[in-house]
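# Reading the structure
Okay, here's what each chain looks like letter by letter:
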Amino acid sequence: MPESYDLGTLTVIGHDVEKLTQALNIPDDRFDDLVNLARRAWEYEDTISESIEFIAKNAKGSELVLTLVFFGRIWEDNQKEEEE
């Protein structure tokens, strides 16, 4: 049975900022950590749902949203590679 996760609340603080991290109020130094978390989730787990659970255990709120975006990009890149 899946665990229950408190995913936090997403707060977007500005639409006129240059960086997504600023809009989501995420420190710039966390950017690489979140990209790496998405990569670890992709490589570590056997199914997409397990990878998403892994991300949910390790990121909350705005960081969770940004990590899922990175995860989606990794997924897209892998799909393109498989098609070639």
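Scope of this entry: the structure provided in the associated data block. Keep in mind it's a predicted model, so treat the numbers as computed, not measured.

### Comments concerning the overall build of the chain
Secondary structure assignment for the chain yields four helices and zero strands. Counting across all 84 residues of the chain, residues that qualify as buried make up 29%.

### Section: the side chain of E63
Along the chain, E63 turns up in helix 4 (residues 61-83). Only 2.8 Å separates the side chain of E63 from the side chain of R30, close enough to count as a polar contact. Non-local contacts of E63, meaning those with residues more than four positions away in its chain, are made with I26, R30 and L34.

### Examining helix 2 (residues 31-44)
With 14 residues, helix 2 ought to run about 20 Å at 1.5 Å a step, and its terminal C-alpha atoms sit 20 Å apart, in line with that. Three or more residues of helix 2 are buried, namely L34, V35, L37, A38 and A41. All buried residues of helix 2 fall inside an arc of 155 degrees around its axis, so they share one side. Among the exposed residues of helix 2, those oriented more than 90 degrees off its buried face are D32, E43 and Y44. On its buried face, helix 2 sits against helix 3 (48-58) and helix 4.

Cut-off values and rules
- Positions within a chain are numbered from 1, following the residues in the order the chain's sequence is written.
- Owing to the predicted nature of the model, reporting of local features is limited to residues with pLDDT of at least 70; listing and counting of side-chain atom pairs is limited to 80 or more, with chain, interface and lining totals taken over all residues.
- Excluding hydrogens and water, the side-chain figures rest on all heavy atoms present in the structure.
- Only runs of H or I of at least four residues qualify as helices and only runs of E of at least two qualify as strands under DSSP, and these elements are numbered from the N terminus.
- Residue burial is assigned from relative accessible area. The probe radius is 1.4 Å, only protein chains are included, and a residue is buried under 20% of its type maximum, exposed over 50%, and partly exposed in between.
- Side-chain atoms alone can form a polar contact between residues adjacent in sequence; in general such a contact is a pair of N or O atoms within 3.5 Å, and within protein one must be able to donate a hydrogen while the other accepts it.
- Only heavy atoms matter for contacts: two residues are in contact if any of them lie within 4.5 Å across the pair.
- Under the convention used throughout, the expected extent of a helix is 1.5 Å for every residue step, that is, one less than its residue count.
- What the arc describes is the spread of directions from the helix axis to the C-beta atoms.

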